[in-house]
Amino acid sequence: PVPSVHPGLAGWRDVLRLAADAGAPAVRADPTFYGIEPAGGAPDGVPRLRAYIKGFLDHVEEGVFPGGCFFVSAVSELDTHPGPVRDGAMAFSQHWLELLAEEVEAGQAAGELDPAADPSQIAFELHAFMVLGNMQFVATGRPPALDSVRRAVDTRLTALAPRPRTGRGRPN
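All of these numbers come straight from a predicted model, not from anything done at the bench. (Residues numbered from 1 in each chain as written. Predicted model: local features only at pLDDT ≥ 70, side-chain atom pairs only at ≥ 80, totals over all residues. Heavy atoms only, no water.)

Here's the deal with the nonpolar core
No. 1: Counting residues in hydrophobic clusters, the biggest one holds 32 residues, and the most contacted among them are F56 and L157.
No. 2: At the level of secondary structure, the elements contributing two or more residues to this core comprise helix 3 (46-61), helix 4 (70-78), helix 5 (84-109), helix 6 (119-140) and helix 7 (144-160).
No. 3: When residues in this core are grouped by element, the largest group, eight residues, is from helix 5.
No. 4: Setting aside residues no more than four positions away along its own chain, L157 makes contact with V46, L49, R50, L113 and L126. (Core = buried A, V, L, I, M, F, W, Y, C linked by side-chain atoms within 4.5 Å. Buried < 20%, exposed > 50% of the residue type's maximum accessible area, 1.4 Å probe, protein only. Helix = DSSP H or I, 4+ residues; strand = E, 2+ residues; numbered from the N terminus. Contact = heavy atoms within 4.5 Å.)

As for the confidence of the model for the protein
No. 1: For the protein, the mean per-residue pLDDT works out to 77, and 69% of the residues sit at or above 70.
No. 2: Least confident of the elements in the protein is helix 1 (residues 12-21), whose mean pLDDT is 55; most confident is helix 7, at 97.
No. 3: Of the regions scoring below 50 in pLDDT, residues 1-10 engages in 20 contacts with residues more than four places distant in sequence or in other chains. (pLDDT = per-residue confidence, 0-100.)

Observations regarding the environment of R142
No. 1: Tracing the chain through its elements places R142 in the loop between helix 6 and helix 7.
No. 2: R142 sits 81 residues away from E61 along the chain, and the two C-alpha atoms are 9.2 Å apart.

Some words on the packing of aromatic side chains
No. 1: Scanning all chains against the criterion turns up two aromatic pairs.
No. 2: Both rings, one in Y52 and one in W96, keep their centres 5.9 Å apart while their planes meet at 70°; by these two values the pair is edge-to-face. A residue pair is termed long-range when its members are at least 10 positions apart, and Y52 in helix 3 and W96 in helix 5 qualify at 44 residues.
No. 3: A relative accessible area of 7% places W96 in the buried class.
No. 4: Within the aromatic cluster, the residues linked to one another by ring pairs are Y52, F56 and W96. (Phe/Tyr/Trp six-rings, centres within 6.5 Å; stacked < 30°, edge-to-face > 60°.)

Some thoughts on helix 3
No. 1: The terminal C-alpha atoms of helix 3, which comprises 16 residues, lie 22 Å apart, in line with the 22 Å expected from a rise of 1.5 Å per residue.
No. 2: Inspection of helix 3 places V46, R48, L49, Y52, I53, G55, F56, L57, H59 and V60 among the buried residues, and these make up the whole buried set.
No. 3: G63 lies just past helix 3 and shows a positive phi near 70°. (Expected span 1.5 Å × (residues − 1).)

Let's talk about the packing of helix 3 against helix 5
No. 1: At their nearest, the axes of helix 3 and helix 5 sit 7 Å apart, and the two run at 150° to each other. Put simply, helix 3 runs roughly antiparallel to helix 5. Between helix 3 and helix 5, the contacting residues are V46, R48, L49, Y52 and F56 on the first element and W96, L99, L100, E103, V104 and G107 on the second. (Axes fitted to C-alpha atoms, helices over the stretch in contact; angles between N-to-C directions. Parallel < 35°, antiparallel > 145°, perpendicular 65-115°, else oblique.)

Concerning the pattern of salt bridges
Pairing between side chains of opposite charge can happen when their charged atoms approach one another.
No. 1: A full pass over the atoms with the stated rule returns seven salt bridges.
No. 2: We note a salt bridge from R156 to E125, for which the minimum N-O separation is 2.5 Å. Placement of the pair is R156 in helix 7 and E125 in helix 6, with a sequence separation of 31 residues.
No. 3: Among the ionic pairs, D147 bridges to R150, the shortest N-O distance being 3.0 Å. Of this pair, D147 and R150 both sit in helix 7, three residues apart, which is roughly one turn of that helix.
No. 4: A relative accessible area of 32% places D147 in the partly exposed class.
No. 5: The network of salt bridges with common partners includes D44, R48 and E103. (Salt bridge = Lys/Arg side-chain N within 4 Å of Asp/Glu carboxyl O.)

A look at the side chain of H127
No. 1: Position of H127 relative to the elements: it lies in helix 6.
No. 2: By relative accessible area, H127 is classed as buried at 11%.
No. 3: Those residues in contact with H127 that lie beyond four places of it in its chain are S93, W96, L97 and L100.

Set out below in structure tokens:
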């Protein structure tokens, strides 16, 4: 078995197995499938955060599932239907948010992002961009929805970049 990049995401294969057992089409247990493992090779912080987001968007754009990201679709479809598939998809979604927040924290530690920003809030915002882009892309089949996600992520991360200081210690 291939190890997971993030210990909290180790159960994603179980969610896929449960989904396949429930009849979900084209569910694959491939660790590179969702862009998580390949992005893990990027440097910590903003480069890895961007790599995770790029992997997500590439996966959606490839059209592997008719509903875009399987986990976004599963959470949306099953949110009011308790059971192991919904619980697994919700747990995966929470772990994904934690993974993004960890990279925000790493970016803060590296001086790439404002240390006063709340990592969980930033992760939530970035994920919200991705989820809405996924929904719009699935509904329209048009790549501009994913381009909007890329621009929104760039805008948000740029806004979080520390501002250069003047000679008097004040931001420019």
